[in-house]
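What the coordinates show
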Amino acid sequence: LRQSADMSAASNLRSEDQFLCSICLDVFTDPVSTPCGHNFCKTCISQHWDMNQSCKCPMCNETFNIRPQLRVNTFISEQMIQKRQLKIQEVFTALKESVERRLKKFIKEIEDKQEATEKQAEGLIKDLEQEISELMERSSKVEQISCSEDHLHLLQSFSSLKAAPPTKDWTEVRVHPPSYEGTVVRAVAQLDETVWKYMNDLFDAELQQVQQYAVDVTLDPDTAQTNLILSDDGKQVHCGDVRKNLPDNPERFSDCVMILGEQSFSSGRFYFEVQVKGKTKWDLGVARESINRKGKITLSPQNGFWTVVLRNGNEYIACADPPVRLFLLPGPEKVGVFVDYEEGLVSFYDVGAAALIYSFTGCSFTHKLHPYFCPSLSYCGKNSAPLIICPCKYSV
């Protein structure tokens, strides 16, 4: 039996190892395969080859004369999906069982209170019936004596009667129905705590599931409004006070301090994360390639924008038709954006809390989509922090 357990543990370890990149020793992000059959994170193997003169496989040292084209390992990606789906199912099952246990406990508390109240009422009824019986018996005797015409016998009979038995003052006696307020409030609070715990587990599993579709996003300087300042690596953007003298090409936003990602997507799923910490105003989301980029721009799906924005430091809005006010406390420091092109879905996540912020559903995408960013004006330094495109790491 112990040997069987050891073999099972070893098997599970091997199962987990197949999801680990041998370069970063973390779970695969966008897993790709080399021609020799070994698997790595796309970014890890690309950076590894960028830093070396020759293209060798880090696992078997096979050398490639020409840098090989890396292809997504769909098999690993689909195992990873199944593991997350299984985790979600496990969380749902655990939540269902926990709710059922708490419901049974709640019902038992109510039944116990009801039983105690019934016993109290039965005891009072028994005492009252006993007093009534004794009083009726005494009343009957008094009535019999009062009918006697023998006055001596009447006096002797009255003197022989026992003193009247003590009786309870029933005017103040009440049988109060059991109060379930405290029980209900406590049960609801416990249930709420339990649900949120499992919901957080579900959100965490859901976030991990979409994070596997992380893509490498960089900012497109040709689309940047001329006040925007980009970092050299194309991962950060903030608004400056002076407009740069740049050509007003068709791709560039002319007035609004907006910018798009270089990458475009017309199928499949993709995900990226942006740090918004320290900012009081920003826009994030995706936009159609064919959007208007000149003059005043209104954010809405009808105009080709699927966005969530922050205004006035604490007002979060999903720019739907009509806009939807979001109540987020505290607000996110890092926002994840996920798109399923065929499903017509755009979802926003609070990465730190592993919580869903908002989803646009039932969208109809017919054009290329680009990641969309707006760091907004700096407002005398109050909103000078940059938007930062972050690398995405996740665990199975």
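Here's a quick rundown of the structure. Because the structure is predicted, anything quoted here is derived from the model rather than measured. (Residues numbered from 1 in each chain as written. Predicted model: local features only at pLDDT ≥ 70, side-chain atom pairs only at ≥ 80, totals over all residues. Heavy atoms only, no water.)

**Focus: the nonpolar core**
Judged by nonpolar contacts, the single largest core of 50 residues is most densely connected at Trp282, Val346, Phe360 and Phe373. Among the elements that line this core, the one with the most residues is strand E11 (residues 305–311), at 5 residues. Sequence-distant contacts of Val346, defined by excluding residues within four places in its chain, comprise Val286, Trp306, Val337, Phe338, Val339, Tyr358, Ser359, Phe360 and Phe365. (Core = buried A, V, L, I, M, F, W, Y, C linked by side-chain atoms within 4.5 Å. Buried < 20%, exposed > 50% of the residue type's maximum accessible area, 1.4 Å probe, protein only. Helix = DSSP H or I, 4+ residues; strand = E, 2+ residues; numbered from the N terminus. Contact = heavy atoms within 4.5 Å.)

**Considerations on the environment of Phe40**
One can find Phe40 in strand E2 (residues 39–41). Residue classification places Phe40 among the buried positions, given a relative accessible area of 0%. Residues Phe40 and Pro58 lie 18 residues apart in sequence; the distance between their C-alpha atoms is 9.4 Å.

**Considering the side chain of Glu273**
If you trace the backbone, Glu273 turns up in strand E9 (residues 269–275). Reaching out from Glu273, the side chain makes a polar contact with the side chain of Gln211 at a distance of 2.8 Å. The contact partners of Glu273, leaving out residues within four places of it in the chain, are Gln211, Lys334, Val335, Gly336, Val351, Ile388, Ile389, Cys390, Pro391 and Cys392. (Polar contact = N/O pair within 3.5 Å; in protein donor to acceptor, adjacent residues only side chain to side chain.)

**Overview of helix H2 (residues 42–50)**
For H2, the set of buried residues is Cys44, Ile45, Ser46 and Trp49. Looking at the buried positions of H2, the neighbouring elements they touch are strand E1 (31–33), E2, strand E3 (55–56) and strand E4 (63–64).

**Things to note about the pairing of strand E16 (residues 355–360)**
Summarising the sheet, strand E15 (residues 345–350) and E16 pair through 5 bridges and their orientation is antiparallel. The partner of Asp350 across the bridge, within E16, is Ala355. What sits between the antiparallel neighbours E15 and E16 is a turn of 4 residues, in which Ala354 has the positive phi angle 50 degrees. (Pairing = 2+ DSSP bridges.)

**As for the sheet that holds strand E5 (residues 71–72)**
With antiparallel pairing, the 3 strands of this open sheet are ordered in space as E2-E1-E5. The outermost strands of the open sheet, each flanked by one partner alone, are E2 and E5. Pairing of E1 with E5, which is carried by 2 bridges, proceeds in the antiparallel orientation. Bridge assignment links Ser33 to a residue of E5, and that residue is Arg71. Across the sheet, H2 lies against E1 and E2, angled at about 90 degrees from E2, the strand it touches most. (Axes fitted to C-alpha atoms, helices over the stretch in contact; angles between N-to-C directions.)

**Comments concerning unusual backbone geometry**
With omega at 0 degrees, the peptide bond leading from Asp321 into Pro322 counts as cis. Among the secondary structure elements, Pro322 is positioned in the loop between strand E12 (315–318) and strand E13 (324–326). Here the amide bond leading from Leu329 into Pro330 is cis, since omega sits at -5 degrees, within 30 degrees of zero. Relative to the assigned elements, Pro330 resides in the loop between E13 and strand E14 (334–340). A positive phi angle, near 65 degrees, is found at Ser376, a position not held by glycine. Checked against the element boundaries, Ser376 lands in the loop between strand E17 (369–374) and strand E18 (387–390). The exposure class assigned to Ser376 is buried, which follows from its relative accessible area of 4%. For Tyr379, which is not glycine, the phi torsion reads 50 degrees and is therefore positive.

**Notes on the pattern of salt bridges**
According to the stated counting rule, one finds 7 salt bridges in the structure shown. With a shortest N-O distance of 2.7 Å, Asp248 and Lys294 are connected by a salt bridge. Within this pair, whereas Asp248 is found in the loop between strand E7 (236–239) and strand E8 (259–260), its partner Lys294 is found in the loop between strand E10 (282–288) and E11, the two being separated by 46 residues in sequence. You can call Asp248 exposed: its relative accessible area is 57%. Residue class for Lys294 comes out partly exposed when judged on its relative accessible area of 30%. One salt bridge connects Asp340 with Arg269, and the closest N-O pair in it is separated by 2.9 Å. Of this pair, Asp340 sits in strand E14 while Arg269 is found in strand E9, placing the two residues 71 residues apart along the sequence. Given a relative accessible area of 8%, Asp340 falls into the buried group. (Salt bridge = Lys/Arg side-chain N within 4 Å of Asp/Glu carboxyl O.)

**A look at the sheet that holds E9**
Strands pair in a sheet through their backbones, by hydrogen bonds, and they do so in one of two ways: parallel or antiparallel. Reading across from one edge, E6-E7-E18-E9-E14-E15-E16 is the order of the 7 strands in this open sheet, with antiparallel pairing throughout. Strands at the two margins of the open sheet, each flanked by one partner only, are strand E6 (228–230) and E16. With strand direction ignored, the average angle separating the axes of adjacent strands in the sheet is 25 degrees.

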